[in-house]
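# Structural description and commentary
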Amino acid sequence: MEADLSVTEVGRGPAVVLVHGGVGPEITWERQRPLAERWRLIIPKRRGFPGSGDPAERQDFETDSHDLSRLIGDRAHLVGFSYGGVGAALVAAREPDRIRSLSLIESPIYAGAPDHPEVRRIARAGDAVLSGEADETTEREFLANAGVDPSAASGRTAALIREAIEAARGGRPPTEAEVELDAIAAAPFPVMVVSGDHHAGIEALSDGLAEKLGARREIVRGAGHAVPRAPGFNEVLEDFLRSA
């Protein structure tokens, strides 16, 4: 039997499932808590991540997608950040009638722009870090792309970031994901793609994804890769949720 997944649920109203990426939900979704006044926020801690409730050997987007299938109920809004967006996209493509909307925030779904040189560079760095084969330069590049500077954080935040970096090693690389973009584009729910305008490759990937998915495209500056922490992000997200 699978161990219970650690899930936080707050608020009332339409369900919004918030899926974190390489950094845990405590930091990723900290600034979304005010939305619980109008929405029921369902916040899982992905399997293979420290404190998830499951001693899985590694993080795996396919496992995430099956966990999300159990969390979305009849219909829910899905919001996937970074690595968490891969699992969210997989379940959205597989079970479109159970999704109310899909938001992808700087998610490494490389099929969005597979031939762009900067996107390929991001993918290579990510694969190297996850496999544990990255040299110091590549790891610094990966962390810079992700907007993570462990030396700049302190206290509990620094501990959570160090924990996330260690937990990433051995994770299943997003380059292995086979997300059916055509299925999402043809689905009855709206899609939004959001980025933070801090890296040319991530912008190219986000532009490509939005075009292929027929998605609303938003840029929210001010927090680098940590877009959910940027000023104005909640307003953009809530406007999209209401329009859906």
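See above for the structure.
None of these values were measured; they are calculated from a predicted model. (Residues numbered from 1 in each chain as written. Predicted model: local features only at pLDDT ≥ 70, side-chain atom pairs only at ≥ 80, totals over all residues. Heavy atoms only, no water.)

### Comments concerning the side chain of His-20
For clarity, the threshold we go by: Secondary structure is summarised from DSSP: a helix means a run of H or I of at least four residues, a strand means a run of E of at least two, and numbering begins at the N terminus for each. Exposure categories follow from relative accessible area, calculated using a 1.4 Å probe and restricted to protein chains: below 20% of the type maximum is buried, above 50% is exposed, and the middle band is partly exposed. Any pair of nitrogen or oxygen atoms within 3.5 Å is treated as a polar contact; in protein, a donor-acceptor pairing is required on top of that, and neighbouring residues in sequence qualify only through side-chain atoms on both sides. Any pair of residues with heavy atoms lying within 4.5 Å of one another is described as a contacting pair.
Structurally, His-20 is set in the loop between strand 2 (15–19) and helix 1 (25–28). Residue classification places His-20 among the buried residues on the basis of a relative accessible area of 0%. Within the structure, His-20 has its side chain in polar contact with the backbone oxygen of Val-23 (distance 3.1 Å). At 3.0 Å, the side chain of His-20 and the backbone nitrogen of Arg-46 are in polar contact. Ignoring any residue separated from it by four or fewer positions in sequence, one finds His-20 in contact with Pro-25, Thr-28, Trp-29, Pro-44, Lys-45, Arg-46, Phe-49, Phe-81 and Gly-84.

### Some points on the sheet that holds strand 6 (residues 191–195)
Let me state the cut-off plainly: Each pair of strands is called paired provided DSSP finds at least two bridges between the two strands. Orientation is described by axes fitted as lines to C-alpha atoms, over the contacting stretch for helices, and by angles from 0 to 180 degrees between their N-to-C directions.
Overall, mixed pairing links the 7 strands, which are arranged 1-3-2-4-5-6-7 in an open sheet. This sheet does not close on itself; its edge strands, each paired only once, are strand 1 (7–10) and strand 7 (216–219). Shown here is a sheet whose adjacent strand axes are inclined to one another by a mean of 20°, direction ignored. In the packing of helix 8 (residues 200–213) onto the sheet, the strands contacted are strand 5 (99–105), strand 6 and strand 7, and the crossing angle to strand 6 comes to about 170°. Across the sheet, helix 9 (residues 233–243) lies against strand 2, strand 4 (76–81), strand 5, strand 6 and strand 7, angled at about 155° from strand 5, the strand it touches most.

### Considering the nonpolar core
Note the threshold: By nonpolar core we mean a set of buried residues, namely Ala, Val, Leu, Ile, Met, Phe, Trp, Tyr and Cys, connected to one another through side-chain atoms within 4.5 Å.
Counting residues in hydrophobic clusters, the biggest one holds 33 residues, and the most contacted among them are Leu-78, Leu-102, Val-179 and Ile-184. Of all elements in the fold, only strand 2, helix 2 (61–71), strand 4, helix 3 (84–94), strand 5, helix 7 (181–185), strand 6 and helix 8 reach the threshold of two or more residues within this core. The dominant element in this core, judged by the number of residues it contributes, is helix 3, at 7 residues. For Leu-102, the contacting residues outside a window of four places in its chain are Leu-78, Ala-88, Ala-89, Ala-92, Ile-184, Phe-189, Pro-190, Val-191, Met-192 and Phe-240. One finds Leu-41, Val-79, Met-192 and Phe-233 within the second-largest nonpolar core, a separate group that totals 21 residues.

### Thoughts on the packing of aromatic side chains
Stated formally: Pairs were defined over the aromatic rings of Phe, Tyr and Trp, the Trp ring being its six-membered one, requiring ring centres within 6.5 Å. Orientation was assigned from the angle between planes: stacked under 30 degrees, edge-to-face over 60, tilted for the rest.
Per the stated rule, a full pass over the model turns up 2 aromatic pairs. Judged by centre distance (6.4 Å) and plane angle (75°), the rings of Trp-29 and Phe-81 are edge-to-face. One end of the pair, Trp-29, is in the loop between helix 1 and strand 3 (40–44); the other, Phe-81, is in strand 4, with 52 residues separating them in the sequence.

### Topic: the environment of Ala-125
Examined against the element boundaries, Ala-125 turns out to sit in helix 4 (residues 117–131). Its relative accessible area of 4% is what places Ala-125 among the buried residues. Residues Ala-125 and Ser-69, 56 residues apart in the sequence, show an inter-C-alpha distance of 30 Å. In this structure Ala-125 touches Thr-138, Glu-141 and Phe-142, once residues within four positions along its chain are discounted.

### Topic: the side chain of Arg-229
As for its placement among the helices and strands, Arg-229 is situated in the loop between strand 7 and helix 9. A polar contact is formed between the side chain of Arg-229 and the backbone oxygen of Ile-27, at a distance of 2.9 Å. In contact with Arg-229, other than residues within four places in its own chain, are Ile-27, Thr-28, Glu-30, Arg-31 and Ala-223.

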